[in-house]
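For reference, the chains in residue letters:
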Amino acid sequence: MKHNFSTITILLLLSLALAVSSCSTVAPTPAPTDTPQPTATHTLVPTETLVPTSTPRPTSTPNMAATQHIEDLQAEAQTYVDKGFLTSADGRFREYDDFEVEWAQLNWYQWEPLSDTVSDFYLKGHFKWESAYRNADVSGCGFVFGLQQSSDHYAVFLDRSQILFLISNGSGTRELGKTRGTGKVKFEMPAEADFTLIVNDSYAYVLVNEEVISEYTLSQTQPLRGRLGLTVLSGTNKDYGTRCEMTNLHAWIPE
């Protein structure tokens, strides 16, 4: 009986040890967490990550090259007055750092806001862009304007064959119809061009290499005053998607 009692005791102790060991090694299954998903719309508005900064302009004892640069910008503004796009060349200039980005989500775009909040303005830059897929959907570099806290905005893109002008708000994103012009261009990939967007008194003008491509009448119900931004629209999911490079970026803002 004494031997049997010892054996039972050992067996009980071994069972208890195994139970304790089992409790210490089996961890509870973590509860699944919800992964945030992008809004199911035609456009993507990701978290703002990079804000291009303005390039300092000379303020005291400028050299001749800097002086000539300012005169060239003033002459540029005057040409838009002469063509009837602006009512006055009086204003200030803002210059921005070069911008480069790749985006690979078919038919979606993202933007990076600039620091300036404006209503009337012109924004200009030299664009270089290409897509990883030769026959990509509409894609290219562009500008955002009228950007609100609610993310309502306008977006304008230079594609290899057309200008895509969008208006986006709580009702969705749609293409804004042209008032005048064809809205058509023709580029071979990779492509590059000077791109200018002029907004004046509820009218917008799009120029490519200083040629007017199309004119638009903006919404009377959507606020026009808002932030400017830089954007890229992807026409393919392949590889890097659409690659966009912007240089010589500058804006004119009326006084």
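Note that residues are indexed from 1 along each chain, following the sequence as it is written. With the structure being a predicted model, the display of local features is reserved for residues of pLDDT at least 70 and the display and counting of side-chain atom pairs for 80 or more, all residues being used for whole-chain, interface and lining totals. To obtain the side-chain values, all non-hydrogen atoms of the structure were used and water was disregarded.

Novice: How should I be thinking about the nonpolar core in this particular structure?
Specialist: When a protein is soluble and globular, its nonpolar side chains tend to lie buried together. By size, the foremost hydrophobic cluster in this structure holds 43 residues, and its most contacted members are Phe-145, Leu-158, Phe-165 and Leu-197. In this structure Phe-145 touches Phe-121, His-153, Tyr-154, Val-156, Phe-165, Leu-197, Val-199, Leu-218, Leu-224, Arg-227 and Leu-228, once residues within four positions along its chain are discounted. In this structure, Ala-77, Leu-86, Ile-198 and Trp-252 belong to the second largest nonpolar core, which totals twelve residues. Only buried residues count toward a nonpolar core. Its members are Ala, Val, Leu, Ile, Met, Phe, Trp, Tyr and Cys residues joined through side-chain atoms within 4.5 Å. Buried, partly exposed and exposed residues are distinguished by accessible area as a fraction of the type maximum, computed with a 1.4 Å probe on protein chains only: under 20%, between the cut-offs, and over 50%, respectively. For this analysis, residues touch if any pair of their heavy atoms sits within 4.5 Å.

Novice: I tried to follow the confidence of the model for the protein on my own but got confused; where do I start?
Specialist: Detailed reading of predicted coordinates is not advised where the pLDDT is low. On average, residues of the protein carry a pLDDT of 82, and 76% of them reach 70 or more. Every residue in residues 1–61 scores below 50 in pLDDT, and together they form 44 contacts with partners more than four places removed in sequence or on other chains. For every residue, the predictor reports its confidence as pLDDT, a number between 0 and 100.

Novice: Whenever I open this one, the environment of Ala-204 confuses me. Can you help?
Specialist: Only runs of H or I of at least four residues qualify as helices and only runs of E of at least two qualify as strands under DSSP, and these elements are numbered from the N terminus. Take Ala-204: it is sitting in strand E11 (residues 203–208). Separated by 82 residues in sequence, Ala-204 and Tyr-122 have C-alpha atoms that sit 9.4 Å apart. Ignoring any residue separated from it by four or fewer positions in sequence, one finds Ala-204 in contact with Phe-165, Leu-197, Ile-198, Val-199, Ser-214, Glu-215, Tyr-216 and Leu-218.

Novice: For this particular structure, what's the right way to read the pairing of strand E8 (residues 172–175)?
Specialist: Criterion used throughout: strands pair if DSSP finds at least two bridges between them. In the sheet, strand E7 (residues 163–169) pairs with E8 via four bridges, with the strands oriented antiparallel. Residue Ser-168 lies in a different strand from E8, and its bridge partner there is Thr-173. Here E7 folds back onto E8 in antiparallel fashion, the turn holding two residues.

Novice: Sorry if this is basic, but what is going on with the pattern of salt bridges here?
Specialist: One side chain can pair with another of opposite charge once the charged atoms of both are near each other. Should a side-chain nitrogen of Lys or Arg be within 4 Å of a carboxyl oxygen of Asp or Glu, the pair is scored as a salt bridge. Applying the stated criterion to the full structure yields six salt bridges. Among the salt bridges present, the one from Glu-76 reaches Lys-124, with a minimum N-O distance of 2.9 Å. Note that Glu-76 is positioned in helix H2 (residues 64–82) and Lys-124 in strand E4 (residues 121–131), a separation of 48 residues in sequence. Comparing Glu-76 with Lys-124 shows no difference in burial state: the two are buried. We note a salt bridge from Glu-102 to Arg-243, for which the minimum N-O separation is 2.8 Å. On the criterion of sequence distance, the pair formed by Glu-102 in strand E2 (residues 99–103) and Arg-243 in strand E14 (residues 242–254) is long-range, its members being 141 residues apart. The exposure class of Arg-243 is partly exposed, given its relative accessible area of 24%. Through salt bridges with shared partners, a single network forms among Glu-76, Lys-124 and Glu-210.

Novice: Hey, could you run me through unusual backbone geometry in this one?
Specialist: Note on backbone geometry: most residues besides glycine have negative phi, and most peptide bonds are trans. Cis rather than trans, the peptide bond between Met-189 and Pro-190 has omega equal to -10 degrees. Of note in this structure, Ser-151 is not a glycine but carries a positive phi near 80 degrees. Summarising the element assignment, Ser-151 is placed in the loop between strand E5 (140–147) and strand E6 (153–158). Taking relative accessible area as the criterion, Ser-151 reaches 30% and is therefore assigned partly exposed. Backbone geometry places Asp-239, a non-glycine residue, at a positive phi of 45 degrees. By the secondary structure assignment, Asp-239 is in the loop between strand E13 (226–233) and E14.

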